[in-house]
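Here is how the chains run, residue by residue.
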Amino acid sequence: MLAEPGPVCGRFAPSPTGPLHFGSLIAALGSFLEARAQGGQWLVRIEDVDAPRTAPGATEAILRTLESCRLFWDGAVWYQSRRTERYQAALEALSHAGQVYPCTCTRRELAGCPRGRDGSSLYPGHCRTGPRRPERPHAFRLRVTDARLTFHDAVQGEYHQCLESEVGDFVIRRADGLFTYQLAVVVDDADQGVTEVIRGSDLLDSTPRQLYLQGLLGLPTPCYGHLPVAVDERGDKLSKQTHAPPLDERNPGPALWDALRFLGQQPPTDLLNAPPAELLNWARAHWRLERVPSVRARLERQSAGFSPIHCR
Ligand code: GLU
Ligand code: ZN
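These lines cover the structure that appears in this document, whether it is placed above or below. (Residues numbered from 1 in each chain as written. Chains lettered and ligands numbered in written order. Predicted model: local features only at pLDDT ≥ 70, side-chain atom pairs only at ≥ 80, totals over all residues. Heavy atoms only, no water.)

**A word on the nonpolar core**
(1) Moving on: One finds Leu 25, Leu 29, Trp 42, Leu 66 and Leu 71 to be the most contacted residues of the largest nonpolar core, which totals 46 residues.
(2) Moving on: Of all the secondary structure elements, the ones that give two or more residues to this core are α1 (22–36), β2 (41–46), α2 (58–68), α8 (253–262) and α9 (276–286).
(3) Moving on: Looking at this core, the element that brings in the most residues is α1, giving nine residues.
(4) Moving on: Apart from residues lying up to four places away in sequence, Leu 25 is in contact with Leu 20, Cys 69, Leu 71, Leu 247, Ala 255, Leu 256 and Ala 259.
(5) Moving on: Grouped together as the second largest cluster of nonpolar side chains are 22 residues, Ala 90, Val 144, Val 185 and Tyr 212 included. (Core = buried A, V, L, I, M, F, W, Y, C linked by side-chain atoms within 4.5 Å. Buried < 20%, exposed > 50% of the residue type's maximum accessible area, 1.4 Å probe, protein only. Helix = DSSP H or I, 4+ residues; strand = E, 2+ residues; numbered from the N terminus. Contact = heavy atoms within 4.5 Å.)

Here's what the structure looks like:
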């Protein structure tokens with residue numbers, strides 16, 4: 001007899017660097033529908049681990065916009081800024097296992113190094129055998145191996161990466177004492193019992209680092225699905241930096257409709273101006289992850305209903 005599949009738990013984990021815009025709505029809606037369509041839980045976690053990048057009021061604005069879209073979450077919102085002890089415990093476990101080392105290299109010193117997958121320097125290993133400049137504050141880097149990591153992404157298909165040649169030993173705690181996203185996300189997804197990570201494909205390259213950390217920490221690996229990210233005509237991801245307008249909280253229906261189209265779903269035209277609750281009822285009943293285009297980026301305006309009028 002097959003074991004009963006356990007309860008499904010999805011999550012949306014925005015960084016509070018600004019209000020919710022069309023680009024972040026895609027990840028919120030995709031993760032929500034994939035969880036809810038399976039009768040699962042859906043959590044919200046504010047990824048404010050990088051406190052200096054947190055914009056005042058952004059958390060409240062994001063949560064308010066989710067509520068106006070009727071994307072209601074289960075339980076209390078988690079905040080990474082309150083979870084330092086858990087990250088510290090993970091760092092200690094990795095440290096005891098000999099997997100981390102202090103690194104005193106500055107960004108400027110590494111500027112000439114070849115770049116890794118995410119554009120940051122591929123660490124050349126200067127401090128692997130001991131910090132080069134022990135008098136300086138140090139970061140902690142995780143030792144990686146040349147193993148080829150492979151996983152099946154529910155949207156993008158097979159994905160492979162060799163951490164050593166494509167990413168290098170990566171920082172898990174910065175020299176200023178802040179833990180990095182890679183460590184925090186792995187600890188939090190495990191502590192929250194997340195079984196499905198549906199998020200933007202700008203994070204696809206990060207997933208092997210997360211799988212690697214899960215392996216070292218003995219944590220379960222959730223299923224992953226990386227959605228196309230919305231880009232503008234220049235190919236830039238919609239973000240605060242590219243001045244993506246915030247969603248209109250008073251009338252989020254059309255943006256939700258557009259987001260469904262963007263995700264390859266086929267909402268009926270007569271729901272374009274429907275209240276969010278009605279649109280989401282339709283979406284929950286008709287959601288099909290396999291319809292999401294398996295591309296890493298999509299032009300925002302490919303979805304026919306989009307017009308800037310929907311935005312403030
Ligand atoms: N906090 C990340 C972001 O806003 C998302 C992290 C994730 O979903 O794993 O880009
Ligand atoms: Zn170093």
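Structure shown, so let's carry the discussion forward.
**Notes on the environment of Leu 71**
(1) Moving on: Within the fold, Leu 71 resides in the loop between α2 and β3 (78–79).
(2) Moving on: Taking the C-alpha atoms as reference points, Leu 71 and Ala 255, 184 residues apart in sequence, are found 13 Å from one another.

**Considerations on the site of ligand 1**
(1) Moving on: Near ligand 1 you find Arg 11, Ala 13, Pro 14, Ser 15, Glu 47, Tyr 181, Val 185, Arg 199 and Leu 203, and these make up its full shell.
(2) Moving on: Side-chain polar atom of Glu 47 to a nitrogen atom of ligand 1: 2.6 Å apart, as the coordinates give it.
(3) Moving on: The side chain of Tyr 181 places a nitrogen or oxygen atom 2.8 Å from an oxygen atom of ligand 1.
(4) Moving on: For ligand 1, whose unbound accessible area comes to 300 Å², protein coverage reaches 79%.
(5) Moving on: For the shell around ligand 1, the residue count by class is five nonpolar, one polar and three charged. (Near = heavy atom within 4 Å. Polar contact = N/O pair within 3.5 Å; in protein donor to acceptor, adjacent residues only side chain to side chain. Areas by Shrake-Rupley, 256 points an atom, 1.4 Å probe, with all protein chains shown as cover. Nonpolar A, V, L, I, M, F, W, Y, C, P; charged D, E, K, R; others polar.)

**A look at the coordination of the zinc ion (ligand 2)**
(1) Moving on: Looking at the zinc ion (ligand 2), one finds its protein donor set to be Cys 103 (SG), Cys 105 (SG), Tyr 123 (OH) and Cys 127 (SG), positioned 2.0 to 2.3 Å from the metal centre.
(2) Moving on: Geometry at the zinc ion (ligand 2) is tetrahedral, judged from the four donor atoms that bind it and their angles of 99 to 124 degrees at the metal.
(3) Moving on: In primary-sequence terms, the residues that donate to the zinc ion (ligand 2) follow C-x1-C-x17-Y-x3-C.
(4) Moving on: Cys 105 gets classed as buried once you look at its relative accessible area, which sits at 15%. (Donors = N, O, S within 2.8 Å, 3.2 Å for Na, K, Ca; no water. Tetrahedral: all angles 85-135°; square planar, octahedral: opposite > 155°, others 65-115°.)

**A look at the sheet that holds strand β1 (residues 9–12)**
(1) Moving on: Pairing is parallel across the open sheet formed by three strands, whose spatial order is β1-β2-β3. Every interior strand has two partners, whereas the edge strands, β1 and β3, have only one.
(2) Moving on: Looking at chain direction, β2 and β3 are connected through two bridges and run parallel. Looking across to β3, one finds that Ile 46 is bridged to Tyr 79.
(3) Moving on: Contacting β1 and β2, α1 crosses the sheet at an angle of about 150 degrees to β2.
(4) Moving on: Helix α6 (residues 181–191) contacts β1, β2 and β3 of the sheet and is inclined by roughly 145 degrees relative to β2. (Pairing = 2+ DSSP bridges. Axes fitted to C-alpha atoms, helices over the stretch in contact; angles between N-to-C directions.)

**A word on the sheet that holds strand β5 (residues 139–142)**
(1) Moving on: Taking strand neighbours across the sheet as the criterion, the three strands line up as β4-β5-β8 in an open arrangement whose pairing is antiparallel. Across the chains shown, the open sheet's two edge strands, defined by having one partner strand only, are β4 (100–103) and β8 (170–173). Along the sheet, successive strands turn relative to each other by an average axial angle of 45 degrees, direction set aside.
(2) Moving on: In this structure, β4 lies alongside β5, joined through four bridges in antiparallel fashion. Paired with Pro 102 across the strands is Phe 140, a residue of β5.

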